[in-house]
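Descriptive structure summary
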Amino acid sequence: MLIPILSFALLLQASNTAPVPAVRPDSTVYDGRSRQLDVAPPRIDTTIIVDGVLDEAVWRRAARLTGFSQYRPVDGSPATDSTDVLVWYSSDAIYFGIRAYEPHGSVVRATLADRDNIDADDNVQILLDTYSDHRRAFMFAVNPLGVQEDGVRSEGQDAGAAGGGSGPNARFDGTIDLNPDFVWESRGHVTSWGYEIEVRIPFRSIRFQDLARQTWGLQIVREVQHSGYEDTWTPVVRANASFLIQAGRLVGLTDLHRGLVMDVIPEATTKVDGDSVNGAYRYSTTPALGGTMFWGLTNGLGLSATAHPDFSQVEADVAQVTLNQRFALFYPEKRPFFLEGLEQYDTPNRLIYTRDIVQPNGGAKLTGKIGDLNVAYLGAVDERDSATGSDPVYNILRLRRDLGASSNLGLVYTDRIDGGDYNRMGGVDGRFLWHKIWFSQFQVVGSTTRDSLGGRTGALWDITLGDRTGRAYGNHVELLGVSPNFEAASGFVNRTGFVRAMIFNRYTLYGGPGALLEQVSFFLNAQPLWNYADFGKLGGTFEGGYSTQASATLRGGWNIGLTVNDNFQRFDSTSYRGYGVVAGADTNAFVLPHGLYSLYGENVSITSPNRKVIVTVSAGIDDAVLFAEAGEGREVTGSLDVAWRPTPDLRLDASWIYDRLTRARDGSEFAITNIPRLQVEYQLTRSIFLRYIGQYVAQHQAALEDPRTGAPLVRRDSLGGAYAPLGAFSSNLFRNDVLLSYKPIPGTVFFAGYGTSLSEPNAFQFSRGMYRTTDGVFVKVSYLFRL
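Attention in this report is confined to the structure presented alongside it. (Residues numbered from 1 in each chain as written. Predicted model: local features only at pLDDT ≥ 70, side-chain atom pairs only at ≥ 80, totals over all residues. Heavy atoms only, no water.)

1. Digging into the sheet that holds strand 5 (residues 83-89)
Let me state the cut-off plainly: We call two strands paired when DSSP finds no fewer than two bridges between them. Note on conventions: DSSP H or I runs of at least 4 residues are helices, E runs of at least 2 residues are strands, and numbering of each starts at the N terminus. Note on geometry: axes are C-alpha line fits, over the in-contact stretch for helices, and angles between N-to-C directions span 0 to 180 degrees.
Taken together, the five strands give an open sheet; going across it, the order is 3-5-6-12-11, and neighbouring strands pair in antiparallel fashion. Each having just a single partner strand, strand 3 (63-65) and strand 11 (185-190) make up the two edges of the open sheet. Taken pair by pair, the neighbouring strands of this sheet meet at an average axis angle of 15 degrees, ignoring direction. Summarising the sheet, strand 3 and strand 5 pair through three bridges and their orientation is antiparallel. Bridge pairing in strand 5 links Leu65 to Val85.

As structure tokens, this is what we get:
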């Protein structure tokens, strides 16, 4: 199936063109050893009004950065749109002026959006690696209207088991965490020739070295939506395991004054929650006072503390398909206290997961960097556990030591103490960059647990033998093992008792100038899995398979993906202990199939370019495993995402997830899921928006049947009691949330919202049978005092 695509790519004269070096601006010099761009911005002790117009005389004295080149989708190509960046600094802030030229007409995409919501707009990103360690950089992004997006860009963070730069969903340039919000200024406006932006970043809003004379890493990224291109100031090539190591440098920064950094944020919250209790619907009111404090102990180290924080969710989690799932699903953190600095707690395999802390009475964090040592500590006392009658106490520590240009060695320790019960986990990990395009990494962790079931210990180990991030060819070889008794009460490890190998190969072809097919990548993947005790035994694999994927980028920003799978699945008898098959008045023993093999599947996806309307559609047909019945099924999946921006201040996002499972034996329906979601957001000003989110989750699963005979399945508990039927399950929940938000700066907010959950016996009827299960109104006010 991939041969025609490959042939088509070759006909388009795919080319592995060498990267084109950036033009040297007058204020830029090259480091002769590494070809690194160095800029010495002038220090000018003055202030300006940030209004988005670069008309002050000081801008004529600023250092000028030009010579941008493309790095996505084809690295090394000359940038098709010209960009000029001006930079200077004063004693308390650094200033950037941006002129982004657009010669292709009125194609600049700009909306009046909420913070961190400008990815579909043209934008320019300023990356400041203030420690010049090539591991982490502050990111300040601005769209043409000056709307802000900020966060932290990190190297070498493993977002999943694949990791690296060669997995099908991996990016070689690291991860971007948009959760941190900084206090800075930006303004911009669209012009006849493109757009112009003015930025001021106070030194007290960021962290940096305690040195009189400093060197910072600097990269500027420009995203052009009408073409789908991303340009960078210094040339960035795919054939490198690090993105930040290819950045330029700001040199000669002297006498930077951060001053006292003390932020105090008191908050007040009132909630009125409704719930059904003993058949009657009742309301309860919960007023609360709390607050958060941040103290910058040094330029690089900060202490945060919170007391009785409000953790009201201003929106529900995006729903996922839960039917036919064997393991817990991951949901991201959304709570402000935990989000700040969250990237510093990152470890391979998600050993730290702050959503395990449900509702803390208080907590404290110490985060930052001391020399080459990254420090992150979190302590919290959670709300009372009804089972133990005590308040669980959490301690989480993450340390990372920089080694060489872009390698590190880390330590992680967590404990959760709940009365006399506890879970403790500790381990080491490392990531080593070698020969520029290769990295290897490892992690070894142990856990010890004591609770009502007794005491036990477990282990987790993970080794990436090698990950090659080449321009045309990449690969990844990893082995992950988790023993049956391993537990991470402060982390998210949703499966134990296995060893998995992950082997990925990537081949990338690049189209020549003007080609319809700009880039196409092919992935050949294998992921065999063993039960932990069977690892190393001949023929002992338990599940896994192979997949072939193709991902193409077309001129204009279209993206097309195709995946073909061949999987197999054996069954663990312990998961079906107590099963029986109804045979008239009798119950026979359940005969577990050995396994299912040659399970084929195909999936295709298409994403349109970023315009006023953006559409992503995917569809798949698979031979599936019906885990609850240990039977074979057929699965049809589909998803549709539509983003519409009719005006600069109105945004509509609609999506639909569809998943239907039928039995291969007779075609009868096993399960079906439909999840439509609508989000409408109106931005009155940069600081005020009104939002509605409606989400309907309709799920139905049929009563379980024997995969051989179709007879009903029953189950009895481990004590050998009577058999109970494994009946049908149905849930139809309609969630609605309305929110008015005012956020002039991070920390100062006013939220007023209402949410309600409705249920009905039959999906999408919206009839009189629909009834309310819960609802609530909340108001939150907080204010940032910067001392």
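2. Things to note about the pairing of strand 23 (residues 421-434)
Put simply, side chains in a regular strand alternate between the two faces of the sheet. With 11 bridges connecting them, strand 22 (residues 407-418) and strand 23 associate as antiparallel partners. Bridge assignment links Asp418 to a residue of strand 23, and that residue is Asp421. Following strand 22, the chain reverses through two residues before pairing antiparallel with strand 23; Gly419 in that reversal takes a positive phi of roughly 65 degrees. Sheet topology note: the strand 23/strand 24 (residues 438-451) ladder contains 13 bridges and is antiparallel. Looking at the pairing, Asn423 lines up with Thr449 of strand 24. Between strand 23 and strand 24, which pair antiparallel one after the other, the connecting turn spans three residues, and His435 there sits at a positive phi close to 50 degrees.

3. Side note on the sheet that holds strand 41 (residues 724-725)
Ordered by their spatial adjacency, four strands build an open sheet running 33-32-40-41, and the pairing between neighbours is antiparallel. The open sheet has two edge strands, strand 33 (586-589) and strand 41, and neither has a second partner. As paired elements, strand 40 (residues 713-715) and strand 41 share two bridges and run antiparallel to each other. Paired with Val714 across the bridge in strand 41 is Pro725.

4. Structural notes on the nonpolar core
Side chains that are nonpolar tend, in soluble globular proteins, to be buried together. To keep things clear, this is the line we draw: In this text, buried Ala, Val, Leu, Ile, Met, Phe, Trp, Tyr and Cys residues form a nonpolar core when linked through side-chain atoms within 4.5 Å. Partly exposed describes any residue whose relative accessible area lies between the buried limit of under 20% and the exposed limit of over 50%, with all areas from a 1.4 Å probe on protein chains only and scaled to the type maximum. Residue contacts are counted whenever heavy atoms from the two residues lie within 4.5 Å of one another.
Core analysis: the biggest nonpolar cluster contains 35 residues, and Phe96 and Leu128 have the highest contact counts within it. The residues contacting Leu128, other than those within four sequence positions of it, are Ile94, Phe96, Ala137, Phe138, Phe140, Ile201, Trp216, Gly217, Leu218 and Leu250.

5. What about the environment of Glu198?
Heads up, the rule is: Whenever two N or O atoms come within 3.5 Å, that pair is a polar contact, provided that in protein one can donate a hydrogen and the other can accept it, and provided that, for residues adjacent in sequence, both atoms are side-chain atoms.
In this fold, Glu198 is placed in strand 12 (residues 194-202). Separated by 244 residues in the primary sequence, Glu198 and Phe442 place their C-alpha atoms 43 Å from one another. Side-chain polar atoms of Glu198 contact the side chain of Trp59, separated by 2.9 Å.

6. Quick look at the pairing of strand 7 (residues 123-129)
Buried residues dominate strand 7, accounting for seven of its seven residues. A two-sided burial pattern is seen for strand 7, the buried positions comprising Asn123, Gln125, Leu127 and Asp129 on one face and Val124, Ile126 and Leu128 on the other. Note that strand 7 and strand 13 (residues 213-224) share seven bridges and pair antiparallel. Counterpart to Asn123 in the pairing with strand 13 is Glu223. Across five bridges, strand 7 lies against strand 8 (residues 136-142) in antiparallel orientation.

7. A look at unusual backbone geometry
Leave glycine aside and you will find that most residues have negative phi; peptide bonds, for their part, are mostly trans. The omega angle of the peptide bond from Arg72 to Pro73 is 5 degrees, so this bond is cis rather than trans. Mapping Pro73 onto the fold places it in the loop between strand 4 (69-72) and strand 5. Backbone geometry places Asn349, a non-glycine residue, at a positive phi of 70 degrees. Secondary-structure assignment places Asn349 in the loop between helix 2 (336-339) and strand 19 (362-370). With a phi angle near 50 degrees, His435 is a residue other than glycine that sits in the positive phi range. If you trace the backbone, His435 turns up in the loop between strand 23 and strand 24.

8. Quick notes on a nonpolar patch on the surface
Put simply, the rule reads: Residues qualify for a patch when their relative accessible area is over 30% and they have no salt bridge, like charges being joined within 9 Å and the nonpolar side chains of Val, Leu, Ile, Met, Phe, Trp and Tyr within 5 Å. Computed with a 1.4 Å probe, the accessible areas rest on the Shrake-Rupley method; for each residue, only the protein chains presented here act as cover. Only one rule defines a salt bridge in this text: a Lys or Arg side-chain nitrogen within 4 Å of an Asp or Glu carboxyl oxygen.
Taken together, Tyr682, Leu684, Leu690, Val738, Leu740, Tyr742, Phe750, Val779 and Val781 make up a surface patch of nonpolar side chains, about 710 Å² in accessible area. No other element matches the three residues that strand 42 (residues 729-745) contributes to the nonpolar patch. The partly exposed category is assigned to Val779, whose relative accessible area is 32%.

9. Focus: the pattern of salt bridges
The tally for this structure, following the rule as stated, stands at 34 salt bridges. A salt bridge links Asp737 to Arg735, with the shortest nitrogen-to-oxygen separation between them at 2.9 Å. For Asp737, a relative accessible area of 9% gives the class buried. Members of the salt-bridge network, linked through shared partners, are Glu629, Arg663, Arg665, Asp666 and Glu705.

10. Considering the packing of aromatic side chains
Going by this rule: A pair of Phe, Tyr and Trp rings is counted when the ring centres sit within 6.5 Å of each other, with Trp represented by its six-membered ring. The angle between the planes then sorts it: under 30 degrees is stacked, over 60 is edge-to-face, the rest tilted. Think of it as a cone above the ring: NZ of Lys or CZ of Arg counts as a charge over the ring if it is within 6 Å of the ring centre and within 35 degrees of the ring normal.
Counted under the stated rule, the structure contains 28 aromatic pairs. Judged by centre distance (5.7 Å) and plane angle (40 degrees), the ring pair of Phe208 and Trp216 falls under tilted. Trp216 shares its class with Phe208; the two are buried. A ring pair is formed by Tyr576 and Phe590, whose centres lie 6.1 Å apart and whose planes are at 35 degrees; its orientation type is tilted. Placement of Tyr576 in the loop between strand 31 (558-570) and strand 32 (579-583) and of Phe590 in the loop between strand 33 and strand 34 (595-607) is noted, with a sequence separation of 14 residues between them. The class of Tyr576 is buried, set by a relative accessible area of 9%. In this structure Phe590 comes out as buried when scored by relative accessible area, which is 13%. A network of ring pairs unites the aromatic residues Trp656, Tyr696, Phe734, Phe764 and Phe766 as a single cluster. Directly above the ring of Tyr422 sits Arg424, whose terminal nitrogen or CZ lies 4.2 Å from the centroid. The positively charged end of Arg471 is found above the aromatic ring belonging to Tyr510, 4.0 Å away from the centroid.

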